[in-house]
There are 2 protein chains.
Amino acid sequence: MPRAGLDPAAVVAAGAALADEVGVAQLTMGSLAERLGVRTPSLYKHVGGQEDLTRRIAVLALGEAADAVGRAVQGYAGRDALGAAARAFRDFVLAHPGRYAATVGMESTGPDDPLAAAGERLLGAFMAVLRGYDLPDSETVHALRMLRSLFHGFATLQSASGFRWSADIDESFAWLVAFADRGLRAASRAADGPPPPGQP
Amino acid sequence: MPRAGLDPAAVVAAGAALADEVGVAQLTMGSLAERLGVRTPSLYKHVGGQEDLTRRIAVLALGEAADAVGRAVQGYAGRDALGAAARAFRDFVLAHPGRYAATVGMESTGPDDPLAAAGERLLGAFMAVLRGYDLPDSETVHALRMLRSLFHGFATLQSASGFRWSADIDESFAWLVAFADRGLRAASRAADGPPPPGQP
DNA sequence: GCTAAAAGCTAACGCCATTAACCAGAGCTG
DNA sequence: CAGCTCTGGTTAATGGCGTTAGCTTTTAGC
């Protein structure tokens, strides 16, 4: 009975890959064990159970997304940084729909939860983008939430085939990024001069 | 053996209510049957199974959301309509997290799928909002997708307690709506004059 | 080499979704 | 009013999945 040589990281990585292939809802302990050439109960030597497994997959996904966005942003600022970050994030979600889906609805249990740290890193990558638009400090958190909502929403909807109409999705995404860029530049200008009027 | 007097609509309504209480992932046929004072297999006389049940819950949720947004928008235009629609949508998702969660990742099987019709109605409600900003026709679909991504993303993230920091979430939402409004007004102005320059 | 922890296995349990087969009651029909 | 039938309920059974318990074998450290 040769050993398979598994460890938690290998199990989580295989689980994430399988989730990308079949969807996180169809990720079953049995199928993952089969993929790893092992019997189902053996997995419990490495992860606490299904809940723990998807949690670790979510941590992995957030970390990878943070890396991808952070890497894409390097050397760019302003609109270019925003575009690069947006593209990197969306590409990641589309390339890894299962592991990203594992992150939605995942709540961090405490301040020392690795999930919280991974989330912070991803937020930090977007924060770096915002630094290129010199927003008032009071608005940074709002802008961050806006970007997160926008990109998370778009990626989630596209990943779920939520856009029925056949209009070009890449074109919509580019429009959306340009929209966010214009808005952020306007908001940064508002820090210098008077804010844009409420009624044109 | 007195009859419970169930019908598909009653089962779906009870399922949606239960999903709101315990989350769509914990919505089990057994718990729903117990809630209805009936044995589990009896549910199969009214719905085709769990897949069919959550599908019907999603249709119900989309229809209710469309009603709520459509009602909120009545009599308003422009920024007021956008704010009313945004508020109505978010309130709905937060009040009914379970049934809304049933809609994500739900793909309509064909053109005569009731799910498609319900989705169209919700989109139509947001389309009415966009009519207040006279965008070029070519941009309407992009703007629609932007609004959908933005609101879906925000509501989903908040519903999942995804915003860790304590900064006021209502304030962020108001900022986000104002941001979208400014951007849409700029886009409508772009239809008249030249578009805003790429580099300031 | 010996020992002990780690990593695998089989067996068993319980929950859940689903199906089959059966039964009672309500309403229509004669 | 008697009876038939359709409907909405029932119990029983099946199969899949997650999980736990207990055993065994390999590996690593002394």
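Residues numbered from 1 in each chain as written. Chains lettered and ligands numbered in written order. Predicted model: local features only at pLDDT ≥ 70, side-chain atom pairs only at ≥ 80, totals over all residues. Heavy atoms only, no water.

Here the focus is the protein's contact with DNA strand C. If you check the shell around DNA strand C, you find 20 residues, and the closest are Arg3(A), Ser42(A), His46(A), Thr28(B) and Gln50(B). Sugar and phosphate atoms represent 58% of those atoms of DNA strand C found within 4 Å of the protein. Met29(B) has a polar backbone atom sitting 2.9 Å from a phosphate oxygen of DNA strand C. In this structure, Gly30(B) approaches DNA strand C through a main-chain N or O atom, which is 3.4 Å from a phosphate oxygen. Within the surface near DNA strand C, the residues separate by chemical class into eight nonpolar, eight polar and four charged. (Near = heavy atom within 4 Å. Polar contact = N/O pair within 3.5 Å; in protein donor to acceptor, adjacent residues only side chain to side chain. Nonpolar A, V, L, I, M, F, W, Y, C, P; charged D, E, K, R; others polar.)

What follows is about the packing of aromatic side chains. Residue and element names in this part refer to chain B. What the rule picks out here adds up to 13 aromatic pairs over all chains. Taking the centre distance of 5.7 Å and the plane angle of 85° together, the rings of Phe-89 and Tyr-100 count as edge-to-face. Pair noted here: Phe-89 is in helix H4 (residues 78–95) and Tyr-100 is in helix H5 (residues 97–101), with a separation of eleven residues, a long-range link. The same class applies to Phe-89 and to Tyr-100, which are both buried. Taking 4.9 Å as the distance between ring centres and 50° as the angle between the ring planes, the aromatic pair formed by Phe-154 and Phe-173 counts as tilted. Separated by 19 residues along the polypeptide, Phe-154 in helix H7 (residues 137–159) and Phe-173 in helix H8 (residues 169–192) bring together distant segments of the chain. (Phe/Tyr/Trp six-rings, centres within 6.5 Å; stacked < 30°, edge-to-face > 60°. Helix = DSSP H or I, 4+ residues; strand = E, 2+ residues; numbered from the N terminus. Buried < 20%, exposed > 50% of the residue type's maximum accessible area, 1.4 Å probe, protein only.)

This part takes up the pattern of salt bridges. Following the criterion strictly, the structure yields 18 salt bridges over all chains and no others. As a salt-bridge pair, Asp52(A) and Arg56(A) come within 2.9 Å of each other at their nearest N and O atoms. Taken together, the residues span about one helical turn, with Asp52(A) and Arg56(A) both in helix H3 (residues 50–73) at a distance of four residues. Its relative accessible area of 22% is what places Asp52(A) among the partly exposed residues. The closest approach of N and O atoms between Glu64(B) and Arg99(B), which form a salt bridge, is 3.1 Å. Of this pair, Glu64(B) sits in helix H3 (residues 50–73) while Arg99(B) sits in helix H5, placing them 35 residues apart in sequence. Where salt bridges share partners, they join Asp20(A), Glu64(A) and Arg99(A) into one cluster. (Salt bridge = Lys/Arg side-chain N within 4 Å of Asp/Glu carboxyl O.)

Looking now at the layout of surface pockets. There is about 2000 Å³ of room inside the largest pocket. As for the largest pocket, its lining consists of 49 residues, of which Val24(A), Ala25(A), Val104(A), Val24(B) and Val104(B) are closest to the centre. Those elements that place two or more of their residues in the lining of the largest pocket are helix H1 (8–22), H3, helix H5 (97–101) and helix H7 (137–159) of chain A together with H3, H5 and H7 of chain B. Here the residues of the lining of the largest pocket sort into 26 nonpolar, 19 polar and four charged. (1 Å grid on protein atoms, 1.4 Å probe; cavity = no way out; pocket = protein on both sides within 12 Å on 5 of 7 lines; lining within 4 Å. Points joined across faces, edges and corners; volume = space filled by probe spheres on them.)

All names here are of chain A. Within the secondary structure layout, Asp-181 lies in helix H8 (residues 169–192). According to the relative accessible area criterion, Asp-181 is buried, its value standing at 1%. If we skip the residues at most four places from it in the chain, Asp-181 touches Arg-79, Leu-82 and Tyr-133. (Contact = heavy atoms within 4.5 Å.)

In the vicinity of DNA strand D lie 20 residues, with Arg3(A), Thr28(A), Ser42(B), Lys45(B) and His46(B) positioned nearest. The sugar and phosphate moieties of DNA strand D supply 60% of its atoms located within 4 Å of the protein. With respect to DNA strand D, the side chain of Thr28(A) contributes an N or O atom lying 2.6 Å from a phosphate oxygen. Across the surface near DNA strand D, the residue classes tally to eight nonpolar, eight polar and four charged.

Take H7(B) next. All names here are of chain B. With 23 residues, H7 extends 33 Å between its outermost C-alpha atoms, agreeing within 8% with the 33 Å of an ideal straight helix rising 1.5 Å per residue. Judged by how many residues are buried, H7 sits mostly within the fold: 18 of 23 residues are covered. Downstream of H7 by one or two residues, Ser-161 has phi in the positive range, about 55°. (Expected span 1.5 Å × (residues − 1).)

Residues and elements named next belong to chain B. For His-96, the location among the structural elements is in the loop between H4 and H5. Residue His-96 is classed as partly exposed on the basis of its relative accessible area, which comes to 24%. Each C-alpha atom of the pair His-96 and Arg-131 lies 28 Å from the other, and the pair is 35 residues apart in sequence. Here the side chain of His-96 touches Asp-20 through a polar contact of 3.0 Å, side chain to side chain.

Here the focus is the interface of chain B and chain A. Listed per partner, the contact involves 48 residues of chain B and 48 residues of chain A. Linking chain B with chain A are zero salt bridges, by the criterion used here. Counting the contacts that link chain B with chain A gives eight residue pairs in polar contact (both at pLDDT 80 or more). Broken down by secondary-structure element, the contributors of at least two residues to the side of chain B that touches chain A are helix H6 (114–131), H7 and H8 of chain B. The dominant element in the side of chain B that touches chain A, judged by the number of residues it contributes, is H7(B), at 15 residues. Considered class by class, the residues forming the side of chain B that touches chain A number 24 nonpolar, 13 polar and eleven charged.

Below, the discussion takes up the relation of the copies chain B and chain A. Between the two copies of the chain lies a rotation about an axis combined with a shift along it. After a rotation of 179° and a shift along the axis of 0.0 Å, chain B superposes on chain A with an RMSD of 0.1 Å. Accordingly, the operation relating the two chain copies is best matched by a two-fold axis. The fraction of interface residues of chain B whose copies in chain A are also interface residues reaches 100%, indicating that both copies meet through the same surface. (Least-squares fit on C-alpha atoms with pLDDT ≥ 70 in both.)

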